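# Close look at the chain arrangement
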Amino acid sequence: MNVPAIEVEHLYKSYGALTAVHDLCFTVAGSTCFSFLGPNGAGKTTMMKVLYGKAEADRSSETRMQVFGFDPRRDQLRIKTLSGVVPQENSLDVELNVQQNLRIFADFYGIPRRQSAERIEWLLEFMELRDRRSARVRELSGGMKRRLVIARALLNDPALLILDEPTTGLDPQVRQLIWDKLRSLKREGVTILLTTHYMDEAFQIADTVLIMDKGHKVLEGAPQQLLEQHIEKNVLELTRPSQAARLRQLLDGVRSDTSDERVLYYSSNIELLQAAAGQLEPGDYYLRQTNLEDLFLKSTGRRLNELQ
Ligand SMILES: Nc1ncnc2c1ncn2[C@@H]1O[C@H](COP(=O)(O)OP(=O)(O)OP(=O)(O)O)[C@@H](O)[C@H]1O
Ligand SMILES: [Mg+2]
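Residues numbered from 1 in each chain as written. Chains lettered and ligands numbered in written order. Predicted model: local features only at pLDDT ≥ 70, side-chain atom pairs only at ≥ 80, totals over all residues. Heavy atoms only, no water.

### Section: the overall build of the protein chain
Scanning the protein chain from N- to C-terminus turns up eleven helices and 13 strands. Dimensions along the principal axes, computed over C-alpha positions, put the protein chain at roughly 75 × 50 × 40 Å. Per-residue burial over the protein chain gives 50% buried out of 308 residues. Counting only contacts in the protein chain whose residues sit at least 6 apart along the sequence, the fraction spanning at least 24 positions is 68%. On the protein chain, roughly 15,400 Å² of surface is accessible, and the fraction owed to carbon and sulfur atoms is 47%. Here the protein chain carries 40 positive and 42 negative side-chain charges, and the mean point of each set is 5 Å from the other. (Helix = DSSP H or I, 4+ residues; strand = E, 2+ residues; numbered from the N terminus. Buried < 20%, exposed > 50% of the residue type's maximum accessible area, 1.4 Å probe, protein only. Contact = heavy atoms within 4.5 Å. Areas by Shrake-Rupley, 256 points an atom, 1.4 Å probe, with all protein chains shown as cover. Lys, Arg positive; Asp, Glu negative; His and termini not counted. Charge placed at Lys NZ, Arg CZ, Asp CG, Glu CD.)

Given below as structure tokens:
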């Protein structure tokens, strides 16, 4: 049997009185993409930092952790040589150009110059940055900077790539490009761990999603399976909540969620929702399949992108 790439049992991490991660357990299979999905303050970054040794877990006799067989509490350096990290903040040298940023990092890793020159060429090509090799970082767009940080994380050809919100704030085109690159790395055997508060990101590239909120695991599983097992298939979304009164009788007993701006009716019976939609003006509703955002709302009563 394959030994999982990462195993975590009963992990706790607090900052003073605040528990940032509470009793988290999960397993990551090798060469798969595992994603932590949760709103601001869920504990995603903290969880990742504990794994790559940047934050210390609380001491607990229950806690077990291994990353490729090494315990982050003792073998930080071994884990560092096996992994590449894309932190939430870019941390590039803005006065240096693209190529120089990669070179100083390669030197820092002790990669011999000839080998690193070849690797840098390959990475510039792979992350589609060749044309910008001589541009200073402060002249780059947000998407280019992010691609450069990903290239930097790949310098030592890591078996594990850790990405903290790889595409937050980027336009859809760059996000697609980054997702394509991550899929291609996974095919090459790289294990990918990422955090996101975009449900589409988790849905698009993660084999397993761990939905977390306020330091706790809410649900874990394959995205499609989570939807099949935990939420109705469809949702009728009313953009004018005042219309809800007209549907009261027809949708009696259907689960709903109401906020100031909209009413959501959830049902696996699409015909019923279609009939309800037929009573409304086009433009006053959306009828769509449910997604991870709906599942998060159902599980926590909150939105993924709600400000804390
Ligand atoms: N160094 C720290 N000192 C004190 N509290 C911290 C520290 N780092 C994080 N926290 C707190 O721990 C909780 C979890 O933070 P964390 O950064 O892990 O969340 P996150 O899920 O990554 O959020 P975001 O989506 O905003 O990046 C938050 O309440 C945060 O304020
Ligand atoms: Mg974070």
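### Let's talk about the site of ligand 1
Taken together, 14 residues form the shell around ligand 1, and within it Gly 41, Lys 44, Thr 45, Thr 46 and Gln 88 come nearest. With respect to ligand 1, the backbone of Gly 41 contributes an N or O atom lying 2.8 Å from an oxygen atom. Within the contact set of ligand 1, an oxygen atom lies 2.8 Å away from a side-chain nitrogen or oxygen of Gln 88. Elements with a minimum of two residues in the shell around ligand 1: strand S2 (18-28) and helix H1 (44-51). If you tally residues by element for the shell around ligand 1, the top one is H1, at three residues. Across the shell around ligand 1, the residue classes tally to five nonpolar, seven polar and two charged. (Near = heavy atom within 4 Å. Polar contact = N/O pair within 3.5 Å; in protein donor to acceptor, adjacent residues only side chain to side chain. Nonpolar A, V, L, I, M, F, W, Y, C, P; charged D, E, K, R; others polar.)

### Structural notes on the coordination of the magnesium ion (ligand 2)
The magnesium ion (ligand 2) binds to the protein through Thr 45 (OG1) and Gln 88 (OE1); the donor distances cover 1.9 to 2.3 Å. Of this pair, Thr 45 sits in helix H1 while Gln 88 sits in the loop between strand S5 (83-86) and helix H3 (98-108), and the two are 43 residues apart along the sequence. Since its relative accessible area comes to 36%, Gln 88 is described here as partly exposed. (Donors = N, O, S within 2.8 Å, 3.2 Å for Na, K, Ca; no water.)

### Quick look at the sheet that holds S5
One open sheet holds the six strands; their spatial order is S5-S6-S7-S3-S8-S9, and the pairing between them is mixed. Edge positions in the sheet fall to S5 and strand S9 (216-221), since each has one partner strand and no second. Adjacent strand axes in the sheet meet at a mean angle of 15° when their direction is disregarded. Pairing of S5 with strand S6 (residues 160-164) involves four bridges; the strand directions are parallel. Across the sheet, Gly 84 pairs through a bridge with Leu 161, a residue of S6. Relative to strand S7 (residues 191-196), H1 is tilted by about 150°, and along the sheet it contacts strand S3 (33-37), S6, S7 and strand S8 (208-213). (Pairing = 2+ DSSP bridges. Axes fitted to C-alpha atoms, helices over the stretch in contact; angles between N-to-C directions.)

### Description of unusual backbone geometry
One non-glycine residue with positive phi stands out, namely Phe 68, at about 50°. The residue Phe 68 is located in the loop between strand S4 (64-67) and helix H2 (76-82) in this model. Exposure remark for Phe 68: the relative accessible area of 29% places this residue in the partly exposed category. Phi at Glu 128 is positive, roughly 55°, even though this residue is not glycine. Its place among the elements puts Glu 128 in the loop between helix H4 (113-126) and helix H5 (142-153).

### Regarding the nonpolar core
Grouped together as the largest cluster of nonpolar side chains are 53 residues, with contacts concentrated most on Leu 161, Leu 182 and Ile 192. Top contributing element to this core by residue count: H5, with six residues. In this structure, this core is formed jointly by two domains, domain 1 (6-222) and domain 2 (232-289), each of which donates at least three residues. With near-sequence residues (within four places) excluded, Leu 161 lies in contact with Gly 84, Ala 153, Leu 154, Leu 182, Leu 185, Val 190, Thr 191, Ile 192 and Leu 193. (Core = buried A, V, L, I, M, F, W, Y, C linked by side-chain atoms within 4.5 Å. Domains from an automatic or database assignment.)

### Overview of the domain arrangement of the protein chain
Considered domain by domain, the protein chain is made up of domain 1 (6-222) and domain 2 (232-289). For domain 1 and domain 2, the distance between their C-alpha centroids amounts to 39 Å.

### Points about the sheet that holds S4
If you walk across this open sheet you meet the three strands as S2-S1-S4, and the pairing is antiparallel. Among the strands making up the open sheet, the edge pair consists of S2 and S4. Between one strand axis and the next, the sheet turns by 35° as a mean value, whatever way the strands run.

### A closer look at H4
The terminal C-alpha atoms of H4, which comprises 14 residues, lie 19 Å apart, in line with the 20 Å expected from a rise of 1.5 Å per residue. By the burial criterion, the buried members of H4 are Ser 116, Arg 119, Ile 120, Leu 123, Leu 124 and Phe 126. An end-on view of H4 places all buried positions within 155° of arc, on one side of the element. Of the exposed residues in H4, the ones pointing more than 90 degrees away from its buried face are Arg 114 and Glu 118. Among the structural elements, H3, H5 and helix H6 (172-187) are those in contact with the buried residues of H4. (Expected span 1.5 Å × (residues − 1). Arc of directions from axis to C-beta.)

### Considering the pattern of salt bridges
The full count for this structure, using the stated rule, is 19 salt bridges. Measuring nitrogen to oxygen at the nearest pair gives 3.5 Å for the salt bridge that ties Asp 71 to Arg 74. Note that Arg 119 and Asp 157 form a salt bridge whose closest N and O atoms lie 3.7 Å from each other. Residue Arg 119 is located in helix H4, and its partner Asp 157 is located in the loop between H5 and S6; the two are separated by 38 residues in the primary sequence. With a relative accessible area of 19%, Arg 119 lands in the buried category. Here the residues in one salt-bridge network are Glu 237, Arg 262, Arg 288 and Asp 294, joined through shared partners. (Salt bridge = Lys/Arg side-chain N within 4 Å of Asp/Glu carboxyl O.)

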